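Results of the structural survey
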Amino acid sequence: MNSNIEKLSRLAAKQERIIIGLMSGTSLDGLDVALCQVEGNGLQTNLHLKNFVTVAYNEDFRQEVRSVFSKQMVDLQKLCLLNEWIAGEHARMINDCLEKWETDAADVDLIASHGQTIYHAPLSLHGLDKFGNGTLQIGDGDHLAVGTGIITLSDFRQKHLAAGGEGAPLAAYGDYILFSDDSTNVVLLNIGGISNFTFLPKNAASGKMFSSDIGPGNTMMDGFMQEHFVGSHYDEDATLGRLGTVNGALLEALLQNDFLKQPLPKTTGPELFNAGYLMEALKRASIPRPIDADIMATLNRFSAMTIVNALNEVIKKEPCKIFVSGGGMHNPLLMDYIKLHVKVASFHSTAEKNINPDAKEAVLFAVLANEAVAGNPLLIPTSLENFPAVSMGKISFPC
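This section reports on the structure supplied with the text.

Turning next to the sheet that holds strand 11 (residues 345-349). Spatial strand order, 9-8-7-10-11: five strands in an open sheet with mixed pairing. The open sheet is flanked by strand 9 (210-216) and strand 11, the only strands paired with a single partner. Each strand axis lies, on average, 25° off the axis of its neighbour in the sheet, ignoring direction. Sheet topology note: the strand 7 (residues 185-191)/strand 8 (residues 194-200) ladder contains six bridges and is antiparallel. If you follow Leu188 over to strand 8, its bridge partner there is Thr198. Strands strand 7, strand 8, strand 9 and strand 10 (320-325) of the sheet are contacted by helix 7 (residues 171-179), whose axis makes an angle of about 40° with strand 8.

Of all the nine residues making up strand 1 (residues 16-24), eight are buried; the element is thus mostly covered by neighbouring parts of the structure. Pairing between strand 1 and strand 2 (residues 30-39): eight bridges, direction antiparallel. Within the sheet, the bridge partner assigned to Ile18 lies in strand 2 and is Gln37. The hairpin turn running from strand 1 into strand 2, its antiparallel successor, is five residues long, and Leu28 in that turn takes a positive phi close to 60°.

Packing of helix 2 (residues 59-66) against helix 3 (residues 76-100) brings their axes to within 10 Å, and their N-to-C directions diverge by 145°. As for how helix 2 packs across helix 3, the hand of that crossing is left-handed. Taking contact as the criterion, the partners of Asp60, Phe61, Glu64 and Val65 in helix 2 are, on helix 3, Lys78, Leu82, Trp85, Ile86, Glu89 and His90. Here the contact of helix 2 with helix 3 is composed, by residue class, of five nonpolar, one polar and four charged.

Quick notes on the rules
Counting starts from 1 at the beginning of each chain's written sequence and moves along it residue by residue. In view of the model being predicted, local features appear only for residues whose pLDDT reaches at least 70, and side-chain atom pairs are presented and counted only at 80 or more, with totals across whole chains, interfaces and linings using the full set of residues. To obtain the side-chain values, all non-hydrogen atoms of the structure were included, while hydrogens and water were left out. The criterion for strand pairing is that DSSP finds at least two bridges linking the strands in question. Secondary structure elements are taken from DSSP: a helix is a run of H or I of four residues or more, a strand is a run of E of two residues or more, and numbering for both begins at the N terminus. Each axis is a line fitted through C-alpha atoms, taken for helices only over the stretch in contact, and angles between the N-to-C directions span 0 to 180 degrees. Should any heavy atoms of two residues lie within 4.5 Å, those residues are counted as being in contact. Any residue under 20% of the maximum accessible area for its type is buried, any over 50% is exposed, and the rest in between are partly exposed; the area is computed with a 1.4 Å probe on protein chains only. What makes a crossing left-handed is the near helix being turned counterclockwise from the far one by less than a right angle; a clockwise turn instead makes it right-handed. Charged means Asp, Glu, Lys or Arg here, nonpolar means Ala, Val, Leu, Ile, Met, Phe, Trp, Tyr, Cys or Pro, and polar covers whatever is left, Gly included.

In structure tokens:
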């Protein structure tokens, strides 16, 4: 038997594994690196976050990714080169983290890498029936494995697609394993570039749980700041948004989109909600261009309203615990509106579950890797829309 297969078999049989979860989102602020101690599997999973850091990307990295991100026409040579280059950069960042944490790579069992999404293409967005759903993440797993000396699982979304899903959101699997609660309904709200949530009824095995994208989270606000305020990557503490006034005509135009009217669950991405979407909304509103602060206030309200509408549609009048994560949870203007208009829910931090909310997405990929190696996909309740019962992740060996 190949020695790598033997090693993987031993890892699967262990009661406890050390796994590094990686997440790099569409905001391109940095690489989330979560060093996790994972015991057991399935609903018996116990996870301890040993260390976490977001390694900030420099401007060169951001510009290289943006050269291909969410674009229908790209330089294929650049795309080819970036697939390996990003993995190499991520491997360097992991090695630096391990050195700072005084942790030997030999003591780490697995890396779980989300990769860098550069295009998300659900059928509902592109409309080309013969192709179905598609998504693409780059940052090759083999290069990560060789660069770190650690077995790596990557490209998780492709199995989801192959099994009939849309390739997103994947957080639902880890949410189900770590946050199910028999005593109350639970919502895991993640406000990243795109906002998404997982709904876990108190009887999660009932077949009523699901996960869905909502719409824009931070992506349009961040894009506006980056375009109009050089050196700013986001509206820190909603400083600009608080100075402005919501423009009613622009807000109404932003809300007029077929995706927002589609039933849950659904997926989308910055391919739809971007600077071009804002420009089209400004044209439809037929108004003079508002000042920057008013545009930011309106974009903030747009994201908040789409989130509130989706949550209220699901929660209805039954009490619910909402755990919030993602960069948007740090935007006070956004969060104040959401909390004010989702009245029957109580809002919580994943820190209550000993998971740093900034680390949650990286942690959930560590859980996915753990399930791929040591779990059983049959634990997922059957017949859930966009929630196929599969294990995910392609395995790359370091030698």
